[in-house]
Amino acid sequence: MIKKFMFLLFISLSLANTALPAATTSHNAQLSLKQDSILSRFLDAAKYNESKKIKIYIQFLKAENISIDRLGKFGESALHIAAENGHTEMVKILLDAGASPEALTREGLTPLHYAANCAIMQLLLDRHVNIEAVDKHGKTPLHCAALRGRVECLQLLLNNNANPNVLTTLQQTPLHFAAARKDGAECVTKLLAAGADKDLQDFSGKTTFEIAAWHQHKLVMRALR
């Protein structure tokens, strides 16, 4: 089955090949149609958790001198895509193949910002990634965990000494993000236990309690009292 897939892939990529110049190792260099086709299929394999195919595409990338961290049309690498979709084994395959655990999207997000579960986070933390990495808006992975209501991921980051009071460019802490969620009470409780300051004001002058009150999140308000 794999041999048949590789043959069909080879035919498809051969048809896609053009007289365009070959890409260089630069992450930003323009790709030929053939190379773009390889990259697109590689990223799709990461998205749909196709572990057998991804290993084949990695070999094609190497043959075409395309970085495994190359960003797709949406500004994300395969590792970001796999992490976001919670594909733990796929993340491991990509890391073992040389994907950078601190690759950046166009918005400056790392795979740790994207991680959908604790297993993926731990794989990245085991590679000593920067737990306080910030995107273009100043968000850390802890902000993202709070924003998405991922309680266990948030606790794992706190256990690894993530700063609960770090501010975004809009003066928002992870606690501000948790307070804005209807189901944010548990994240709020864990952040407070880790030393989050509930009295810090965001860019609009609102405290975390005022944000929860504005959204009428009664359980969150109770947790913040």
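Quick caveat, the model's predicted, so the values are computed rather than measured.

**Some details on the overall build of the protein chain**
Next up, step 1: Helix and strand counts for the protein chain stand at 13 helices and zero strands.
Next up, step 2: Scanning the protein chain from its N terminus toward the C terminus, one meets helices and strands in the order α-α-α-α-α-α-α-α-α-α-α-α-α.
Next up, step 3: Residue burial in the protein chain is summarised as follows: out of 225 residues, 47% are buried.
Next up, step 4: Intrachain contacts of the protein chain at a sequence separation of at least 6 include 65% that bridge at least 24 residues.
Next up, step 5: For the protein chain, the accessible area works out to roughly 11,700 Å², and carbon and sulfur atoms hold 53% of it.

**What to know about the side chain of Thr208**
Next up, step 1: Secondary-structure assignment places Thr208 in helix α12 (residues 208-215).
Next up, step 2: By relative accessible area, which is 0% here, Thr208 ends up buried.
Next up, step 3: Leave out the neighbours within four places in its chain, and Thr208 touches Leu175, His176, Ala179, Lys198, Leu200 and Leu224.

**A closer look at the packing of helix α5 (residues 88-96) against helix α7 (residues 118-125)**
Next up, step 1: Axis separation between α5 and α7 bottoms out at 9 Å; the angle between their running directions is 15°. Comparing their axes, α7 and α5 come out roughly parallel. When the axes of α5 and α7 are compared, the crossing they make is right-handed. Packed against α5, whose contacting residues are Thr88, Val91, Lys92 and Leu95, the element α7 presents Ala119, Ile120, Leu123 and Leu124 at the interface.
Next up, step 2: For the contact of α5 with α7, a count of residues per class yields six nonpolar, one polar and one charged.

**Here's the deal with the nonpolar core**
Next up, step 1: Formed by 61 residues in total, the largest nonpolar core has its most connected members in Phe42, Ile54 and Leu94.
Next up, step 2: Ignoring any residue separated from it by four or fewer positions in sequence, one finds Phe42 in contact with Ile54, Tyr57, Ile58, Leu61, Ile68, Ala78 and Leu94.

**Here we look at helix α8 (residues 141-148)**
Along an α-helix, residues three or four positions apart point the same way, because every turn accommodates 3.6 residues.
Next up, step 1: In terms of burial, α8 is a largely internal element, six of the eight residues being buried.
Next up, step 2: Those residues of α8 hidden inside the fold are in contact with α6 (111-114), α9 (151-159), α10 (174-179) and α11 (185-193).
Next up, step 3: The positive-phi residue at the C-terminal boundary of α8 is Gly149, with phi of around 70°.

**Examining the pattern of salt bridges**
Next up, step 1: For the structure on display, the rule yields six salt bridges.
Next up, step 2: The partner of Lys53 in a salt bridge is Glu50, and the shortest N-O contact between them spans 3.7 Å.
Next up, step 3: For Arg127, the salt bridge goes to Asp96, with nearest N and O atoms at 3.4 Å. You can see Arg127 sitting in the loop between α7 and α8 and its partner Asp96 sitting in helix α5, a full 31 residues away along the chain.
Next up, step 4: One network of salt bridges, with partners in common, ties together Lys92, Asp96 and Arg127.

**Topic: the state of the cysteines**
Next up, step 1: Enumeration according to the criterion identifies zero disulfides in this entry.
Next up, step 2: Here Cys118 is not disulfide-linked; the sulfur of Cys153 is the nearest cysteine sulfur, at 4.1 Å.

**As for unusual backbone geometry**
Next up, step 1: Here the phi dihedral of Asn161 falls at roughly 70°; this positive angle occurs in a residue that is not glycine.
Next up, step 2: In this fold, Asn161 is placed in the loop between α9 and α10.
Next up, step 3: Unusually for a residue other than glycine, Gln216 sits at a positive phi of about 60°.
Next up, step 4: When you line up the elements, Gln216 lands in the loop between α12 and α13 (218-224).

**Remarks on the layout of surface pockets**
Next up, step 1: Within this model, the largest pocket holds a volume of roughly 630 Å³.
Next up, step 2: Forming the walls of the largest pocket are 21 residues, and the residues nearest its centre are Leu43, Leu71, Gly72, Lys73 and Phe74.
Next up, step 3: When contributions to the lining of the largest pocket are tallied by element, the ones reaching two or more residues are α2 (33-47) and α4 (78-84).
Next up, step 4: For the lining of the largest pocket, the leading source of residues is α2, giving six residues.

Rules used in this analysis
Residues numbered from 1 in each chain as written. Predicted model: local features only at pLDDT ≥ 70, side-chain atom pairs only at ≥ 80, totals over all residues. Heavy atoms only, no water. Helix = DSSP H or I, 4+ residues; strand = E, 2+ residues; numbered from the N terminus. Buried < 20%, exposed > 50% of the residue type's maximum accessible area, 1.4 Å probe, protein only. Contact = heavy atoms within 4.5 Å. Areas by Shrake-Rupley, 256 points an atom, 1.4 Å probe, with all protein chains shown as cover. Axes fitted to C-alpha atoms, helices over the stretch in contact; angles between N-to-C directions. Parallel < 35°, antiparallel > 145°, perpendicular 65-115°, else oblique. Left-handed = near helix turned anticlockwise from the far one by under 90°. Nonpolar A, V, L, I, M, F, W, Y, C, P; charged D, E, K, R; others polar. Core = buried A, V, L, I, M, F, W, Y, C linked by side-chain atoms within 4.5 Å. Salt bridge = Lys/Arg side-chain N within 4 Å of Asp/Glu carboxyl O. Disulfide = S-S within 2.5 Å. 1 Å grid on protein atoms, 1.4 Å probe; cavity = no way out; pocket = protein on both sides within 12 Å on 5 of 7 lines; lining within 4 Å. Points joined across faces, edges and corners; volume = space filled by probe spheres on them.

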